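# Architecture at a glance
Okay, here's what each chain looks like letter by letter:
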Amino acid sequence: QQQQIKNRLSHLPVVVGSHGHATSHSSGGGSTLLGYIGIDTIIEQMRKKTMKTGFDFNIMVVGHSGLGKSTLVNTLFKSQVSRRSAGWARDEKIPKTVEIKSVSHVIEEGGVKMKLTVVDTPGFGDQINNDNCWEPISKYINEQYEKFLKEEVNITRKKRIPDTRVHCCIYFISPTGHSLRQLDTEFMKRLSHSVNIIPVIAKADTMTIEERQEFKQRVRKELEMSGIEFYPQKEFDEDMEDKSDNDKIREAMPFAVVGSDKEYQVNGKRVLGRKTAWGIVEVENPNHCEFAQLRDFLIRSHLQDLKEVTHNIHYETYRAKRLNENGGLHPISSNDTQESNL
Amino acid sequence: KQEVSYTAPEGEGARAVPLAGHVGFDSMPDQLVNKSVNHGFCFNILCVGETGLGKSTLMDTLFNTKFEGEPTQHNQPGVTLKSNTYELQESNVRLKLTVVNTVGFGDQINKEDSYKSIVEFIDAQFEAYLQEELKIKRTLHSYHDTRIHACLYFIAPTGHSLKSLDLVTMKKLDSKVNIIPIIAKSDAISKSELAKFKIKITSELVSNGVQIYQFPTDDESVAEINSTMNSHLPFAVVGSTEEVKIGNKMVKARQYPWGTVQVENENHCDFVKLREMLIRVNMEDLREQTHTRHYELYRRCKLEEMGFKDTDPDSKPFSLQETYEAKRNEFMGELQKKEEEMRQMFVQRVKEKEAELKEAEKELHEKFDRLKKLHQDEKKKLEEKKKSLDDELNTFKQKKTAAELLQNQAQQAGGSTTLKRDKERKK
């Protein structure tokens, strides 16, 4: 699964620039290299450094209960990383309010260590009256930005600021087969500007392929009409190559997925699947559902990009807004009351 | 309003769990590296050393290219810094290399302030980054980083010890930049003298508390080579862009009548070691140290200087940003006030000048009027005189005519007799 290093040689002029700082200016010189210097070793140096420090990744799952959120996350990371498996008892009762529950695990693969934090939102969309049920989620997301910002403005800063910001929010759409529900559009509209939202169609094995395709088209159209910019957002495509890669992904979204952490024997192989009376739904089979596409997109190609968009765009937006509020800083209430006195 | 309850057992105590199959996040380093490659890299080197120690030649040799520039004269009045930026590319790695040279270092009679321009320059780069970082709307990830990542300090190959200028300068720089001391033009020293020289230099640096850059030894893959190299500091280098044929290869070398010094021959000099350490092994660490150590130190000192303190656990979380903004607004306000003042002053001056000019104009008019009147008076006088003269003339004419008339009459009386006589005669 080695990523092909994008070859940029073709469309980049070797610009020779110059700038003088102190007191004198001088025009830049030629840059024809006559022999190997070794500057391309910086790639290896950088790779080694990142493998040593490891990564943080924070993923949030939103959707009403029963849509298979925990299972999907476990399937994505082939490990018991969700709240359900971390010793939390499966909720006897659906909570009366939206709760935010996060759990962290460290997973390692190929020498790469990742601290994965899964943020669950039980109670979302489960009440009779779901007014404003996105607010606690929005608040949580902003609180993580706030935490980071506070660390960043310290005089003496930590070498590595702990990153709890939500890099990706997977929104589970109920496979009704008809259209999006009002709650879905409301949520996504409100949050798509502060976090990367990846909508998925949950429990896709309840629809036939045709039903699924139609549903997808309808959902896509509705998302477009509501002006919801889900990840990967068009406006952040960096160049033509990005745009063409991302266009393909955007056209295939929302991915219709099935999750499972049980293995069955199919054609002599052990595969993850859901056993039904009429057959086994193979999770990683692209003919059965689009789980593999989601996994490749989310983990194997865009994991770093999700973090970068969160850091360079969503966080910066929050920060700029925050710093423009002159003295209008709301006290952020949390369990340990820490009011800002400005 | 809905209540929020948090149960977030986050932090360092995260449990490790095994994976049941290949997930694929081991491609993360590749993803990250790709992004950096697309973005391009930045590396900034500062060369400090006296004129004539071969700084430019060494840069040319290190990067296998001919950077532009004329060798400088030795009569500079002070130390200035000249920086040039080049775009280099090797396979798919694009590097924006900035080479800063000190011009006139060590040339003055009084060298007390030599280090100052260098320190100012380094601080200016930190300041520029800090300014960007403190902006409200900032673009840090596309910011062209000009902070100095490595400072090559060129030591003159005297063979004896460090000059006091060197010690003072390095002491001033060691908390601001990664210093890598090198012995320049080391082909001027014999091998035995070189060993002694290196020991002397190292002991002088230690006894003066100068912190030079240590190649990092925490990563097992490079710990060994880095610690070996640490013991070879300062590197004795020779630079040359000229090629000489040795055997059947063209190598970079300096040719003397008694032999040829090959730049890339490790028995002849430490050039290869320098290149290994500076570029091929520790370039990334140099960048990281600059950002996490030197820059943070600068930032902390600068902010404390400006009067900021870190937050106490139960008070203003944004004293830094808010006070900074307040100060900035104050400054902007002052600036505006000054601008207003200047504008007022300008308007005032214009008015005054205008009044002056009007005055002058008025005076001129008056003068003109006076002159005109004078002229008219004169004219009048002249006319009167003319008139009186004319009168005189007329009177004279009248008198003349009267006199002539009388004369004629008198003549006629006599003349008629003459005429009669004439007439009678004719008869």
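Residue indices begin from 1 for each chain and proceed along its sequence in written order. Starting at A for chains and at 1 for ligands, labels are handed out in the order in which the entities are written. Only residues with pLDDT of 70 or above have their local features reported here, since the model is predicted, and side-chain atom pairs are shown and tallied only from 80 upward, although totals for entire chains, interfaces and linings are computed over all residues. Note that water and hydrogens are dropped before the side-chain values are worked out from all heavy atoms of the structure.

Residues and elements named next belong to chain B. Per-residue pLDDT for chain B has a mean of 85; in total, 89% of the residues score no lower than 70. pLDDT expresses how confident the predictor is about each individual residue, on a scale running from 0 to 100. Contacts: residue pairs with any heavy atoms within 4.5 Å of one another. Of the regions scoring below 50 in pLDDT, residues 1–11 engages in 31 contacts with residues more than four places distant in sequence or in other chains. Low pLDDT (under 50) marks residues 312–317, which in the prediction has 9 contacts with non-local residues, meaning those over four places away or in another chain. We note a pTM of 0.74 for the whole complex and an ipTM of 0.78 for its interfaces.

The next subject is the packing of aromatic side chains. Between the rings of Phe, Tyr and Trp (Trp by its six-membered ring), a pair exists once the centres lie within 6.5 Å; its type follows the angle of the planes, with under 30 degrees stacked, over 60 edge-to-face, and the other angles tilted. For the structure on display, the rule yields 16 aromatic pairs over all chains. Seen in terms of ring centroids, F255 of chain A and F297 of chain A are 6.1 Å apart; in terms of plane orientation they differ by 55°. Their pairing is tilted. Separated by 42 residues along the polypeptide, F255 of chain A in strand β6 (residues 255–256) and F297 of chain A in helix α7 (residues 291–301) bring together distant segments of the chain. Judged by centre distance (5.5 Å) and plane angle (80°), the ring pair of Y213 of chain B and F215 of chain B falls under edge-to-face. The residues Y213 of chain B and F215 of chain B share a single accessibility class, namely buried. Secondary structure is summarised from DSSP: a helix means a run of H or I of at least four residues, a strand means a run of E of at least two, and numbering begins at the N terminus for each. Summary of the burial criterion: residues with accessible area below 20% of their type's maximum are buried, those above 50% are exposed, and those between are partly exposed, where the area comes from a 1.4 Å probe applied to protein chains only.

With that out of the way, let us pick up the layout of surface pockets. Residues and elements named next belong to chain B. Its boundaries defined by the atoms lining it, the second largest pocket holds a volume of some 750 Å³. Around the second largest pocket sit 35 residues that line it, and G54, K55, S56, T57 and P71 are the ones nearest its centre. Within the residue set of the lining of the second largest pocket, elements represented by two or more residues are α2 (55–62), β4 (80–90) and β5 (93–103). No other element matches α2, which puts 6 residues into the lining of the second largest pocket. Partitioning the lining of the second largest pocket into residue classes produces 12 nonpolar, 13 polar and 10 charged. A pocket here means an open set of points on a 1 Å grid, computed over the protein atoms alone, that has protein on both sides within 12 Å along at least five of seven lines. A cavity is instead a set of points where a 1.4 Å probe fits but cannot get out; residues with an atom within 4 Å of a point line either one. Grid points are joined across faces, edges and corners, and a volume is the space filled by probe spheres set on the points. In this classification, the charged set is Asp, Glu, Lys and Arg, the nonpolar set is Ala, Val, Leu, Ile, Met, Phe, Trp, Tyr, Cys and Pro, and all remaining amino acids, among them Gly, are polar.

Turning to the packing of helix α6 (residues 220–232) of chain B against helix α7 (residues 271–281) of chain B, a few remarks are in order. Residue and element names in this part refer to chain B. A fitted line through C-alpha atoms serves as each axis, taken over the contacting stretch for helices, and the angle formed by two N-to-C directions is quoted from 0 to 180°. Direction vectors running N to C along α6 and α7 enclose 135°, while the axes themselves pass 11 Å from each other. Considering the angle they form, α6 stands oblique to α7. The interaxial crossing formed by α6 with α7 has left-handed handedness. Here V222, I225, N226, M229 and H232 of α6 come into contact with α7, specifically with K273, M277 and V281. We call two directions roughly parallel when the angle between them is under 35 degrees, roughly antiparallel when it is over 145, roughly perpendicular when it lies between 65 and 115, and oblique otherwise. The handedness criterion is simple: a crossing whose near helix is rotated anticlockwise from the far helix by less than a right angle is left-handed, and one whose near helix is rotated clockwise is right-handed.

Salt bridges, as used here, are contacts in which a Lys or Arg side-chain nitrogen is within 4 Å of a carboxyl oxygen on Asp or Glu. Across all of its chains, the model carries 45 salt bridges over all chains by this definition. One salt bridge in this structure joins R147 of chain B and D145 of chain B, with 2.8 Å as the shortest N-O distance. For the pair R147 of chain B and D145 of chain B, one class covers both residues: buried. For R287 of chain B, the salt bridge goes to E284 of chain B, with nearest N and O atoms at 3.2 Å. You can see R287 of chain B and its partner E284 of chain B sitting in helix α8 (residues 283–305), 3 residues apart, about one turn around the helix. Exposure class is identical for R287 of chain B and E284 of chain B. Each is buried. Counted as one network, the salt bridges with shared partners bring together K78, E284, R295, D296 and R300 of chain A.

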